[in-house]
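Take a look at the letters that make up each chain.
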Amino acid sequence: MATELELKLMLHSEYLKSASDFLDEICASSDTNEQSRQPTLALMNAYFDTEGADLMQGGMALRIRAVNNKFIQTVKTRGSNRVGMHARGEWEWFVPSDQLDLSLLSDFPLPESLQDMSWCSKLIEVYRTDFERQVWNIKYQETKMEVVCDQGLVTSPYGEDAICELELELKEGDEAGLYQFALQLAERVPVQVSIVSKAQKGVRLKYGQIEFPNKPVNTSNPLELAAYWYEVWLVYWEAMYFMKDEALMQPLRHSMVQLRACLPNELAQALGCLDGELEQQLVEEEDLLLKKLAGMTQIGITMLTVGQWLNQQAV
């Protein structure tokens, strides 16, 4: 079992080349193999669950991945909360075909609700992802990471959703290096922090619901409240583009106001300045507004700066 820790960045397709060019430049400036571009991959992932979504409710995702005519069966758990980052358990097995081998789960620590294995006979393919993955190995200061750029589609009987994202996965070092490198990238390319996984995109197509974080029980703790409102902000941002609905700007900005109240002065001022810039953009027509916001580098820089501070407090 490996613990996967990654920082996911959303971007729009018109900025993919800029992101790729930036990463290529980083690798070209290095004379070691620690920074290099890897072969581009075409990936298919089929995700399985029951009609009643027993696996999702149990905090588990089960998939088969096809890459270069090889098949990998993967189980992922929901994992721990790392404030704007993805931290989860991951188990992988090579399998001979695109058929699940459920016997491999005999040594897997199943959630209590799934331990009787009765769900096995009810599994169906609920959605799939097909995307092209560009890959770079990056070393930034003392942090080694794998950076991937994914573009493609999530499809299901209920519709489809676009995949267009960067993922910075920690290989060696700590997450501070991920944030610092992401900030360097965000100054060149308009990106935004995302906490919506490809699996969540697939589930959302069926249920049509936006998944929000749980509000903390202890609302008197400003750090817990800051983490909550930060992730609410990120969810509204991604949902606004998924739904193509500028009306979500109102609750999005409300979450920013709530977050400001929980932050130190310098960060609160930066968030206030960003909110003022967003307010000025509201005079644009809907299509132009979403397009213009997607190109503002200050949004991603502020998201990353706040996320980095929150993770530093959690250490």
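As a reminder, the structure under discussion sits directly above these lines.
Residues numbered from 1 in each chain as written. Predicted model: local features only at pLDDT ≥ 70, side-chain atom pairs only at ≥ 80, totals over all residues. Heavy atoms only, no water.

Counting its secondary structure elements, the chain contains nine helices and 10 strands. For 315 residues, the compact-globule formula gives about 20 Å, and the C-alpha radius of gyration of the chain, at 20 Å, lands near that figure. Based on the C-alpha atoms only, the size of the chain along its principal axes is roughly 55 × 50 × 40 Å. Here the chain holds 315 residues, and 51% of them are scored as buried. (Helix = DSSP H or I, 4+ residues; strand = E, 2+ residues; numbered from the N terminus. Rg over C-alpha atoms; globule rule 2.2 N^0.38 Å. Buried < 20%, exposed > 50% of the residue type's maximum accessible area, 1.4 Å probe, protein only.)

On to the packing of aromatic side chains. According to the stated counting rule, one finds eight aromatic pairs in the structure shown. Between tryptophan 91 and phenylalanine 108, the aromatic rings sit 4.6 Å apart at their centres with planes inclined by 85°, giving edge-to-face as the arrangement. Of this pair, tryptophan 91 sits in strand β6 (residues 86-95) while phenylalanine 108 sits in the loop between β6 and β7 (124-140); the two residues are 17 residues apart in sequence, bridging distant segments of the chain. Across the pair, phenylalanine 108 and tryptophan 91 agree in class, each one buried. (Phe/Tyr/Trp six-rings, centres within 6.5 Å; stacked < 30°, edge-to-face > 60°.)

Summed over all chains, the structure comprises one cavity of 30 Å³ or more. Looking at the largest cavity, its volume works out to about 30 Å³. Contributing to the lining of the largest cavity are Tyr47, Ala61, Leu62, Arg63, Thr74, Val75 and Lys76. Counting residues per element, the ones that place at least two in the lining of the largest cavity are β3 (60-67) and β4 (70-77). Partitioning the lining of the largest cavity into residue classes produces four nonpolar, one polar and two charged. (1 Å grid on protein atoms, 1.4 Å probe; cavity = no way out; pocket = protein on both sides within 12 Å on 5 of 7 lines; lining within 4 Å. Points joined across faces, edges and corners; volume = space filled by probe spheres on them. Nonpolar A, V, L, I, M, F, W, Y, C, P; charged D, E, K, R; others polar.)

Leu9, Phe181, Tyr230 and Leu293 are the most contacted members of the largest nonpolar core, which totals 72 residues. In terms of residues, this core owes the most to one element, helix α5 (residues 222-243), which gives 15 residues. (Core = buried A, V, L, I, M, F, W, Y, C linked by side-chain atoms within 4.5 Å.)

Bringing the layout of surface pockets into the picture now. One number sums up the size of the second largest pocket: a volume of about 570 Å³. If you go around the second largest pocket, you meet 24 residues; those closest to its centre are Met10, His12, Ala162, Tyr241 and Lys244. Looking at the lining of the second largest pocket, the elements that each hand over two or more residues are β1 (2-10), β8 (143-156), β9 (159-172), α5 and α8 (286-294). The dominant element in the lining of the second largest pocket, judged by the number of residues it contributes, is β9, at five residues. For the lining of the second largest pocket, the per-class residue count stands at 11 nonpolar, five polar and eight charged.

A separate point is the environment of lysine 76. The topology assignment puts lysine 76 in strand β4. Taking the C-alpha atoms as reference points, lysine 76 and tryptophan 91, separated by 15 residues in sequence, lie 6.5 Å from one another. Among the polar contacts listed, one links the side chain of lysine 76 to the side chain of glutamate 90, at a separation of 3.3 Å. (Polar contact = N/O pair within 3.5 Å; in protein donor to acceptor, adjacent residues only side chain to side chain.)

A separate point is the pairing of β3. Burial runs high along β3: seven of the eight residues are buried. Pairing of strand β2 (residues 36-49) with β3 involves six bridges; the strand directions are antiparallel. Across the sheet, the residue bridging to asparagine 45 is arginine 65, located in β3. Strand direction decides the pairing type here: β3 and β4, joined by eight bridges, are antiparallel. Bridging from a neighbouring strand, isoleucine 64 pairs with glutamine 73 of β4. Counting the residues that bridge the hairpin from β3 to β4 gives two residues, and of these asparagine 68 lies at a positive phi of roughly 50°. (Pairing = 2+ DSSP bridges.)

Bringing the environment of serine 106 into the picture now. With respect to the helices, strands and loops of the structure, serine 106 is situated in the loop between β6 and β7. Sequence separation between serine 106 and methionine 117 is 11 residues; the distance between their C-alpha atoms is 9.9 Å.

Compared with an ideal rise of 1.5 Å per residue, which puts 18 residues at 26 Å, helix α9 (residues 297-314) spans 26 Å between its outermost C-alpha atoms and is within 8% of the ideal. Of the positions making up α9, those classed as buried are Ile299, Gly300, Ile301, Thr302, Met303, Leu304, Val306, Gly307, Gln308, Leu310 and Asn311. (Expected span 1.5 Å × (residues − 1).)

Viewed as axis vectors pointing N to C, helix α3 (residues 175-186) and α9 meet at an angle of 170°, and their least axial separation amounts to 9 Å. Considering the angle they form, α3 stands roughly antiparallel to α9. You can see that α3 and α9 cross each other, and the crossing is left-handed. Contacts from Ala176, Tyr179, Gln180, Ala182, Leu183 and Ala186 in α3 reach Thr297, Ile301, Leu304, Thr305, Gly307, Gln308 and Asn311 in α9. Of the residues that constitute the contact of α3 with α9, the class distribution is seven nonpolar, six polar and no charged. (Axes fitted to C-alpha atoms, helices over the stretch in contact; angles between N-to-C directions. Parallel < 35°, antiparallel > 145°, perpendicular 65-115°, else oblique. Left-handed = near helix turned anticlockwise from the far one by under 90°. Contact = heavy atoms within 4.5 Å.)

For the rest of this paragraph, the subject is the pattern of salt bridges. Tallying each qualifying case throughout the model produces 24 salt bridges. Notably, a salt bridge pairs lysine 201 with glutamate 238, separated by 3.4 Å at the nearest N-O pair. Taken together, the residues span a long stretch of sequence, with lysine 201 in helix α4 (residues 198-207) and glutamate 238 in helix α5 at a distance of 37 residues. Here lysine 201 matches glutamate 238 in class, with each residue buried. When salt bridges with common partners are traced through the structure, they connect Lys8, Arg133, Asp150, Glu165, Glu167 and Lys198 into a single cluster. (Salt bridge = Lys/Arg side-chain N within 4 Å of Asp/Glu carboxyl O.)

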